[in-house]
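Chain by chain, the residues:
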Amino acid sequence: MVEKKTETQTESKPADSSTEKDKSEKKKDEKKKDEKEEKEPDLSEEDRQLIDELNMLVDRLTESDTKLYKPALESLRSQIRSSTSSMTSVPKPLKFLRPHYDTLKQVYEKIEDIETKRFCADIVSVLGMTMSDTRDCLRFRQLGSKEEVGSWGHEYVRHLSGEICQEWNDTMESDTTEREMLLRLVEQILPYDMDHNAETDACDLLMEIERLDLLEGCVDRSVFQRVCLYLTSCVAYVPEPEDSQLLKTALTIFRKFGRYPEALRCAIQLNDMRLVEESFKSCKDIVVQKQMAFILGRQQIFLELDEDMDEYDELVEIMSNAHLNNNFLALARELDIMEPKVPEDIYKSHLEPNRPSFGSSNVDSARQNLASSFVNGFVNAAFGQDKLLMDDGNKWLYKNKDHGMLSATASLGLILLWDVDGGLTQIDKYLYSAEDYIKSGALLACGIVNSGVRNECDPARALLSDYVLHNSNVMRIGAIIGLGLAYAGSDREDVISLLLPVLADAKSNMEVVGMAALSCGGC
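Description of the structure in this document. (Residues numbered from 1 in each chain as written. Predicted model: local features only at pLDDT ≥ 70, side-chain atom pairs only at ≥ 80, totals over all residues. Heavy atoms only, no water.)

## Some words on a nonpolar patch on the surface
Thought 1: Taken together, the side chains of Leu331, Leu335 and Ile337 define a hydrophobic patch exposed on the protein surface, amounting to about 270 Å² of accessible area.
Thought 2: Secondary-structure assignment places leucine 335 in helix H18 (residues 324-335).
Thought 3: A residue is classified by how much of its surface remains accessible, and leucine 335, at 51% relative accessible area, is exposed. (Patch = residues over 30% accessible without salt bridge, like charges linked within 9 Å, V, L, I, M, F, W, Y side chains within 5 Å. Areas by Shrake-Rupley, 256 points an atom, 1.4 Å probe, with all protein chains shown as cover. Salt bridge = Lys/Arg side-chain N within 4 Å of Asp/Glu carboxyl O. Helix = DSSP H or I, 4+ residues; strand = E, 2+ residues; numbered from the N terminus. Buried < 20%, exposed > 50% of the residue type's maximum accessible area, 1.4 Å probe, protein only.)

Here is the structure:
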């Protein structure tokens with residue numbers, strides 16, 4: 001009995017192992033099935049129907065019956081167009097037709113009817129968007145029916161523009177035929193971009209092929225501001241001479257639509273005085289011309305105008321900045337800030353109890369007084385009054401030493417800034433001082449007062465020219481820097497001719513030569 005039982009147990013073991021083997025194989029099959037289902041994405045019934053329909057249409061094109069070609073192509077076109085009108089992702093017809101791309105290219109080659117062949121080329125061109133390694137989109141567009149480029153949607157136009165840029169860069173300049181074909185395509189794309197808020201794409205396309213001259217003809221009043229804003233914003237990011245070309249294009253468009261102040265800004269940025277003058281004189285609105293005159297005055301650009309122009313005297317005065325001082329003081333009165341300030345108002349040293357008040361100590365420090373002179377000049381600049389120099393100037397000046405005297409006297413020019421008529425009278429008395437440093441500071445103050453203001457009498461030149469080659473180098477420095485500040489940016493040859501001899505004069509030390517060279521560069 002014991003032996004029989006053992007045999008039974010022995011016989012049952014193979015049966016159990018075979019059962020386990022079947023189970024493991026079943027699990028493996030299920031796992032493979034799951035993996036296969038994961039690899040094949042779930043398609044909706046609608047998608048399966050679309051795939052079947054597209055496959056059927058492609059099969060018709062591979063058949064020998066040529067009568068089926070055109071209806072099949074028309075069905076394909078309607079499927080693609082309905083999905084590419086607003087593309088936010090890859091449209092399903094294009095996605096499902098990718099496996100048939102080579103087949104459709106072969107179909108194109110075998111079609112003999114010219115109209116049907118072009119029809120097929122249009123569809124292959126659109127499918128070319130999904131094949132990034134080739135330029136089939138552009139090639140088959142040129143072979144196609146030449147229908148409106150925007151009919152296939154905005155993304156198609158963008159892709160086509162990119163391929164045009166690549167093809168243009170790869171084409172030799174001598175290959176005029178190819179470039180003319182590309183230009184014809186560009187001329188079709190530009191109006192579409194302008195009508196569909198894609199002005200930046202149009203500008204980028206023309207910048208890439210270096211044909212910005214085509215932009216003016218396709219810009220209208222509704223888009224020119226956005227186009228010009230984009231062009232001028234790109235100037236800082238492109239090398240020369242492309243930056244000048246962008247500015248000239250923007251200037252031309254601004255002038256075309258009567259935006260003369262913006263055109264003037266572009267001309268100033270180009271530093272082209274001929275364009276500046278043309279932009280200014282092209283404007284016939286006297287109010288706008290005055291605005292432009294203020295722009296020129298701010299940049300210290302003076303134009304020689306015809307005396308028979310309307311408001312000639314007013315325009316000349318604005319460009320000369322003759323009203324600058326009066327306008328500044330009028331604004332200060334309006335804001336109620338005419339009260340002169342003292343350096344202590346800036347230092348606020350009373351808020352720091354652990355430190356003595358700066359400049360208020362009984363022991364005067366030359367360095368503290370020099371700092372106070374600068375602060376006093378800048379905080380009361382152009383206000384025409386202060387509490388240090390105007391009340392008793394000599395007392396404050398003699399609290400400084402050497403160059404401190406020069407700086408303190410020159411700070412008077414800052415306080416009287418732009419007041420050419422009244423300011424020079426108040427500075428004149430310091431020219432008769434016994435101290436060379438004070439006289440030199442007075443010369444520098446004369447130059448500062450005239451800075452940025454054009455006057456027919458040229459008082460700065462008349463006063464300072466006699467001291468440029470003075471025996472004292474201290475006096476020379478005041479006169480030279482004064483001339484440099486008074487005529488900075490004016491491009492006056494007569495002023496430069498006054499300064500050049502200083503560079504070669506044997507009595508000029510290195511400080512004088514350096515300041516003279518700096519002033520020449522400023523003028």
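## So, the pattern of salt bridges
Thought 1: Under the defined criterion, the tally for this structure stands at 14 salt bridges.
Thought 2: Close ionic contact of arginine 158 with aspartate 201 constitutes a salt bridge, the shortest N to O distance being 3.9 Å. Here arginine 158 is found in helix H8 (residues 154-170), whereas its partner aspartate 201 is found in helix H10 (residues 199-208), with 43 residues between them in sequence.
Thought 3: Classification of aspartate 201 as partly exposed rests on a relative accessible area of 22%.
Thought 4: Between lysine 387 and glutamate 339 there is a salt bridge whose closest N-O contact spans 3.7 Å. With lysine 387 in the loop between helix H20 (366-379) and helix H21 (389-397) and glutamate 339 in the loop between H18 and helix H19 (343-347), the pair connects residues that are 48 residues apart, well separated along the chain.

## A short note on the side chain of threonine 171
Thought 1: Mapping threonine 171 onto the fold places it in the loop between H8 and helix H9 (176-195).
Thought 2: Within the structure, threonine 171 has its side chain in polar contact with the backbone oxygen of glutamate 167 (distance 2.5 Å).
Thought 3: Residues in contact with threonine 171, not counting those within four places in the same chain, are Glu178, Arg179 and Leu182. (Polar contact = N/O pair within 3.5 Å; in protein donor to acceptor, adjacent residues only side chain to side chain. Contact = heavy atoms within 4.5 Å.)

## A few points about the environment of proline 459
Thought 1: Inspection of the secondary structure puts proline 459 in helix H25 (residues 459-464).
Thought 2: Proline 459 gets classed as buried once you look at its relative accessible area, which sits at 16%.
Thought 3: Note: C-alpha distance between proline 459 and leucine 424 (35 residues apart in sequence) is 8.7 Å.
Thought 4: In this structure proline 459 touches Val420, Leu424 and Asn450, once residues within four positions along its chain are discounted.

## Structural notes on unusual backbone geometry
Thought 1: Proline 241 follows glutamate 240 through a cis peptide bond whose omega is 0°.
Thought 2: Mapped onto the elements, proline 241 comes out in the loop between helix H12 (224-234) and helix H13 (242-256).
Thought 3: In the Ramachandran plot, tryptophan 418 falls in the positive-phi region, its phi being about 75° despite a non-glycine side chain.
Thought 4: In this structure, tryptophan 418 sits in the loop between helix H22 (403-415) and helix H23 (420-428).
Thought 5: A residue is classified by how much of its surface remains accessible, and tryptophan 418, at 22% relative accessible area, is partly exposed.

## What to know about the environment of aspartate 272
Thought 1: By the secondary structure assignment, aspartate 272 is in the loop between helix H14 (260-270) and helix H15 (273-282).
Thought 2: Residue aspartate 272 is classed as partly exposed on the basis of its relative accessible area, which comes to 22%.
Thought 3: A polar contact is formed between the side chain of aspartate 272 and the backbone nitrogen of arginine 274, at a distance of 3.0 Å.

## A short note on H15
Thought 1: The complete set of buried residues in H15 reads Leu275, Val276, Ser279 and Phe280. The buried residues of H15 occupy an angular sector of 130° when the element is viewed end-on, so they sit on one face.
Thought 2: Contacts from the buried residues of H15 go to H13, H14, helix H16 (286-298) and helix H17 (312-319).
Thought 3: Two or three places before arginine 274, at the start of H15, stands the capping residue aspartate 272, its side-chain oxygen 3.0 Å from that residue's backbone nitrogen. (Arc of directions from axis to C-beta.)

## Quick notes on the packing of helix H26 (residues 473-486) against helix H28 (residues 510-522)
Thought 1: The geometry of H26 relative to H28 is characterised by a closest axis approach of 9 Å and an angle of 10° between their N-to-C directions. Taken together, the axis directions place H26 and H28 in an arrangement best described as roughly parallel. Two secondary-structure elements touch here, H26 through Asn473, Arg476, Ile477, Ile480, Ile481 and Gly484 and H28 through Glu511, Val512, Met515, Ala516 and Ser519.
Thought 2: Its residues assigned to classes, the contact of H26 with H28 shows six nonpolar, three polar and two charged. (Axes fitted to C-alpha atoms, helices over the stretch in contact; angles between N-to-C directions. Parallel < 35°, antiparallel > 145°, perpendicular 65-115°, else oblique. Nonpolar A, V, L, I, M, F, W, Y, C, P; charged D, E, K, R; others polar.)

## Some words on the side chain of serine 372
Thought 1: Note that serine 372 resides in helix H20.
Thought 2: Those residues within four positions of serine 372 in sequence are excluded, and the remaining contacts are Pro343, Tyr347, Leu388 and Trp396.

## Overview of the packing of helix H5 (residues 101-110) against helix H7 (residues 136-143)
Thought 1: At a closest axis distance of 14 Å, the pairing of H5 and H7 adopts a crossing angle of 25°. With respect to H7, the element H5 is oriented roughly parallel. Pair H5 / H7 crosses with left-handed handedness. Touching Tyr101, Lys105 and Tyr108 of H5 are Asp136, Arg139, Phe140 and Leu143, all from H7.
Thought 2: For the contact of H5 with H7, a count of residues per class yields four nonpolar, no polar and three charged. (Left-handed = near helix turned anticlockwise from the far one by under 90°.)

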